[in-house]
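Analysis of the macromolecular model
Letter by letter, the chains look like this.
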Amino acid sequence: MNANRSPSRYGIWPELAARLTRAGWLTDGRVEDAAVPLLRAVRSGPDPEGALERIASTLEQDSEVAARTLTDSQFGLALVAIAGASRNLAQKLISEPRLLRGPDEAPPPVPELGGTFDESLRVIRRYVRASMLGIAVGDLMAFNDLTAVGNALARLADRAAALALEAAHRAVRATPAFSDLPDIPIAVIAMGKWGGLELNYSSDIDVLFVHGTPPEVDGPRATDYARRVSITFMAALAQFTADGAAYKVDADLRPEGRSGPLTRTVDSYRTYYERWAKTWEFQALIKARPAAGDGELGSSFMAAVEPFIYPETLEPSAVREVREMKGRIEGRAADQGVDETEIKRGIGGIRDVEFAVQLLQLVHGRFDPHLRSANTLDTLRTLANEGYVGRTDAEDMAVAYVWLRTLEHRIQLVDLRQTHTLPDTPRERESLAKAMGYRDESGAAALRLFERDLVTHRSVVRTIHQRLFYRPLLEAFAASPTIALTPEGVARQLTALGFRDVAGARRAAGDLTAGLSRRSKLMQQTLPLLLEWLSRTPDPDMGLEQLRLLVTTTKDNTPLVSVLRDDPVAAERLCFLLGSSRVAGRFIDRIPRFLPELGDDARISRPIDAAGVIKDAVDYVMLRPTYDRRLNALRRFVRSRLLRILARDLLDLAEQSSIARELANLADGAVAAALRIARAEPGGEAVAELPFAVVAMGKWGGRELGYQSDLDVLFVYDVPAGVDGQQARTAADELARSFTAALGKVTQEGIAYRVDAGLRPEGKDGPLARTIDGYRQYYERWSAVWEHQALIRARWAGGDREPGEAFIALARQFAFPPHLMPDSIREIRTMKARIEAERIPPGEDPDFHFKLGRGGLVDVEFLTQLLQMRHGAKVEALREPATLTALTGAVDTGLLTESEGDYLAEAYRFCTRVRNRLYLQTGRDIGSLPTDPVELARIAVLLGYPGGSISNLREDYRKATRRSRGVFERRFYED
C-alpha cells in the first residue's frame, strides 16, 4: 500500500476510519487521493486527534458537505482549519455543517428580523455565528491579515448592533406605554476595540448610548423610552438562549459607570465631561465611533466630545494619571500571578502598545488631527510618518503588536472565551503554536520556535513602550497650548522672558513653527519650553536666531527632531549652547549628529587624549582618496572634536586646565594628519622620506591653548646621508608649506588652524625650516633674548622623533642658560614695559585687559619665564613649557611663596577663562572685558555670576589681578 494512503500515517484509528469511509475520505481501507492533502494539514496542524474527531462528526451530518470537501480543496482546508483551531466553532459546524464557507466565498447576507423579539434573537445569533465562521476561515487560512480580520469582526458587530437596535425599538414600541411616541433618535457608540475596528473574536462590545429628545416629547419620557430600548438592545445581543449569546455587551464606560444613567443626551454628556470626567474617560473616548442607530446624532456626539479628548491645553497631571493607571493594571496582573502568562496586561503585552499609542495621541493629537484615529495600527503608522515616533520603533512595535493580537485571536478561537492567558500544558501550547502557523522543522520543534518569538516580541514591545510611554518631555508637550498667541501676546511673552529684539524673536518663532511638516508641528509644541530654556542663557536673542538657522537650514533634521522629542537633557543643553556661544551655533549647524551626545554625560565628558586623537585624526583623514577630500575631512574632524570640547567647557563638565590640554591634544592630532597629507601630496616624492619634525611653540607648546589661538610652529629637518643639502633644504621648505596649507588653506569646509611660523629665526625673512646645526648657529650668533625666552615653551609635536627631540635638547640650552646675564634680564624687563605701554589696542579697556593689563596673563607669563630662565638650568621642575606647572615648581623650590604662587595661578586661570568664554560667546578674539553694560552682563552670566552681576565680575577681576600684580612687581624686578 502507498504509505501516503495508509490511514495509520495520519493517526486514524479503526473506529474513526469507518466513519471517514462513510464520508468518502477512505475507500477499501485507503485514503482517497483528494483527502491526502487535507489529512496532511490535520496531522501537521493544531490538535490533530481532536480535529479528526470533529471533522468526522461534521462530515457525518451532511453528505453534500462531505463530498464538497473532496472536490473543492479550499473548502476542505477551511473545515480542517476550523476543526483544528476552534472547538467552539467546530461544534457549531457539527450542528449545522452548511454554515461552512470557503475562504473566497461571499459572507452571508444581512437577514430580515423575525416576527417576534425571540425570533429576532435567533436570527441575530445565527447570522453572527455564520459570519464569524467565515471570518475565522479567512483568518486561519491567511487570506486576511490582522487588520482585515479586526475590521471584519467590528463591522459584523456593527450590523448585529443595527439589527438589535431595530428589534429593541420594535419591542419597546409594542408596549402600551410608548406606542404613541414619535421617533426617538438613539445612537449606539462603539468603544474599545469595537470602536477601533480591531475587535477580537470574543471581546465584549463596549457601548455608550446617546438619545435625542424631539420638541414634542417630554424629556423624562424620551429618556425612559431610550433607557428601555438600550436595555432591550443589550438583551437582544447578550441574552443567553438555546442558541447562546451573540455578544457580551458592556456599558460601564458611560459617565458614572454602573451608577449612571444608561443613556444620555449630547448635552448631558457634554456637561459631565466638562465637570466631572477623569483622564481615563477621555482616553477611552479616543476609541469612540458611531456604530448603529441615528447617524446624525452619532456625529453630534463625536463633535461634542472631541474637544475633551484633545483640549487646547492638557494638564501635565493627565500624563501622570495615564501612567499611574497603567501601573495599577500591571500591578493587578502581578498580584494575580499572570504578568508573565497573560499577553494583554502582562509585561510586553498588548496593553503596552495601546497605552503608549494612546498617551501620544492625547498629547500630540491636540495639535495634529492626523493622530485622531481610533485604530492602534493606523495611529502607530501616522506617529512614524509625522515624526512623533522613530520609524524603526514604530515598525518594530507594529510587527510585535500584530503578532500578539494574532496570538490573542488564536487563544480566544479555541472556545470563543474572553481570555488572554497562555495555556499551561506543553500539549496545549504546542497546539497554540501550530494554530499560529508554526510547524516542526529540522532541529527545532514548533513550540520552541513559537516560544522564542514570544519572548522576542514581548521584549521588543516592552523596550519601546518604556521609551515612548515615559518620554520625559511629554508633560512639557501636554502643557503647550494648541492655539497660536496673538502678536501682542507673543511680544509680551518674549519681553517677559528677557528677549530684547522682540520683533526679531517673533519673526524667528514664526519661521520655526511655519508650515505643516512634522518638524514644524514638533516646534509648535516645544517652542514654549525652548523659549523658557533660552531665556536662562546669556543671550536669548542670539540663541533663538541660531536655533532658527539650525532648524530651518539643516538638511537632515532627524537628529534634531529626536533630541527635541525624546531627550530633555540634550534639548536644554542645546538651548544653553546656542544662547551662550556663537561659535557653538556655527559648529552645531554643521555637525547635527553631535546633538544626541549632549544628553549623554558619559560620552560628552570623555576627554580627548593625545595618543587617541592622533590615531583617530590620521585614520579619519587618510580614508579619503584625494588631496582635496582629505583637507575637507581634516577640517570636519577638528570641528567635531572642538565642538565636544567647547560643549564640556560651557556646560562646566571639565576643568579649565583640562580644556587647554585637550585643545593642544586636538592640535597635535591635526598636525599628525596634516603631515600625512603633505607627505602624500602628488609630486611629494622628494619629501616623503625626509626626516622632518614640527615643534609647537607658545601656548600650544605649553599645552595651554585657547580657542582663538594660532598654532605657533618651528620646522626642523635632517639631511639624510647621500642627499644634497640644497635638495634637502628645498624639500623641507616644500613640506613646511604643504603642511601649513593642509591646516590653513581655505576650503569649502573652512580652515583647520591658522599656522604661524613667525617665531623662526629671522622671522618672515628666514627660511621656513632649518637643520639642527642651522638653528644652533643662529641662536649662538644672532638671536635676541626674547627668542631664547620663546624657546621655554618649545615642544616636539609631530613628525619624526629624532630631529624633534634633538631640537628640544638644543632649545633647552638657550632657554635655561647656566647663568642669565644682567643685560639679558634688563632686556626682558624692558620688553615687558614696552608691551605694557604700547600694545593695548584702541577701544579696549586697559583697566580690564586680561591679556596685557596689570596682573593679567602677560604679567604671569613674563614673571614665570624670567624665573625659568634664571633658575631652570639648576632646577628641573622649572624646565616645563606649561606656565602653571612651572609656577608650581617655583613654589616647590622656594622661589615663590605658596600664597604668591596661588595669586599668580588664580589670576592666570581667571583671565584665561574670561578670554575663552568671550571668544566662544562672540566668535571674536577680545582682549578686555566689554565696556558695553549689556555685553558685559552677558559674559557675566556665562561665567556663572547670578543675575549677570557686572559689579561682582569686575570686583573679582580687580581682586585677582591686583594680587597678581603685587607679586609681579615684587618678584619681576628683584635682583
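Structure: see above.
Quick word on helix α37 (residues 801-815)
An ideal rise of 1.5 Å per residue puts 21 Å on 15 residues; α37 measures up with 20 Å between its terminal C-alpha atoms. The complete set of buried residues in α37 reads Pro803, Gly804, Phe807, Ile808, Leu810, Ala811, Phe814 and Ala815.

Concerning the pattern of salt bridges
Applying the stated rule across the entire model yields 81 salt bridges. Several salt bridges converge on common partners, so that one network encompasses Lys832, Glu836, Arg854, Asp859, Arg965 and Glu969.

Let's talk about the packing of helix α16 (residues 376-385) against helix α17 (residues 391-415)
It is the contact of α16 with α17, at a shortest axis distance of 8 Å, that shows an interaxial angle of 165 degrees. What the angle tells us is that α16 and α17 run roughly antiparallel. As α16 packs across α17, the resulting crossing turns out to be left-handed. On α17, the residues touching Thr376, Leu377, Leu380, Ala384 and Asn385 of α16 are Arg391, Ala394, Met397, Ala398, Tyr401 and Val402.

A short note on the pairing of strand β3 (residues 186-191)
Among the six residues in β3, six count as buried, and that is most of the element. Of the two faces of β3, the one carrying Ile186, Val188 and Ala190 and the one carrying Ala187, Ile189 and Met191 are both buried. Bridge analysis of β3 against strand β7 (residues 289-293) gives four bridges, and the strand direction is antiparallel. Looking at the pairing, isoleucine 189 lines up with proline 290 of β7.

A word on the packing of aromatic side chains
A full pass over the atoms with the stated rule returns 27 aromatic pairs. Plain terms: the ring middles of tyrosine 273 and phenylalanine 308 are 6.0 Å apart, the flat faces sit at 45 degrees to each other, and that makes the pair tilted. Within this pair, whereas tyrosine 273 is found in helix α11 (residues 266-275), its partner phenylalanine 308 is found in helix α13 (residues 295-309), the two being separated by 35 residues in sequence. For tyrosine 273, a relative accessible area of 3% gives the class buried. Judged by its relative accessible area of 16%, phenylalanine 308 is buried. Site record: aromatic cluster; members linked through ring pairs are Tyr269, Tyr272, Tyr273, Trp276, Phe282, Phe301 and Phe308.

A look at the packing of helix α15 (residues 350-364) against α16
Between α15 and α16, whose axes approach to 10 Å, the crossing angle comes to 55 degrees. The angle between α15 and α16 places the two elements in the oblique class. Where α15 crosses over α16, the two elements pack in a sense that is left-handed. Listed contacts from α16 to Val353, Glu354, Val357, Leu360 and Gln361 of α15 are Thr376, Thr379, Leu380 and Leu383. In terms of residue class, the contact of α15 with α16 is built from five nonpolar, three polar and one charged.

Reading the values: the criteria
Residues numbered from 1 in each chain as written. Predicted model: local features only at pLDDT ≥ 70, side-chain atom pairs only at ≥ 80, totals over all residues. Heavy atoms only, no water. Helix = DSSP H or I, 4+ residues; strand = E, 2+ residues; numbered from the N terminus. Expected span 1.5 Å × (residues − 1). Buried < 20%, exposed > 50% of the residue type's maximum accessible area, 1.4 Å probe, protein only. Salt bridge = Lys/Arg side-chain N within 4 Å of Asp/Glu carboxyl O. Axes fitted to C-alpha atoms, helices over the stretch in contact; angles between N-to-C directions. Parallel < 35°, antiparallel > 145°, perpendicular 65-115°, else oblique. Left-handed = near helix turned anticlockwise from the far one by under 90°. Contact = heavy atoms within 4.5 Å. Pairing = 2+ DSSP bridges. Phe/Tyr/Trp six-rings, centres within 6.5 Å; stacked < 30°, edge-to-face > 60°. Nonpolar A, V, L, I, M, F, W, Y, C, P; charged D, E, K, R; others polar.

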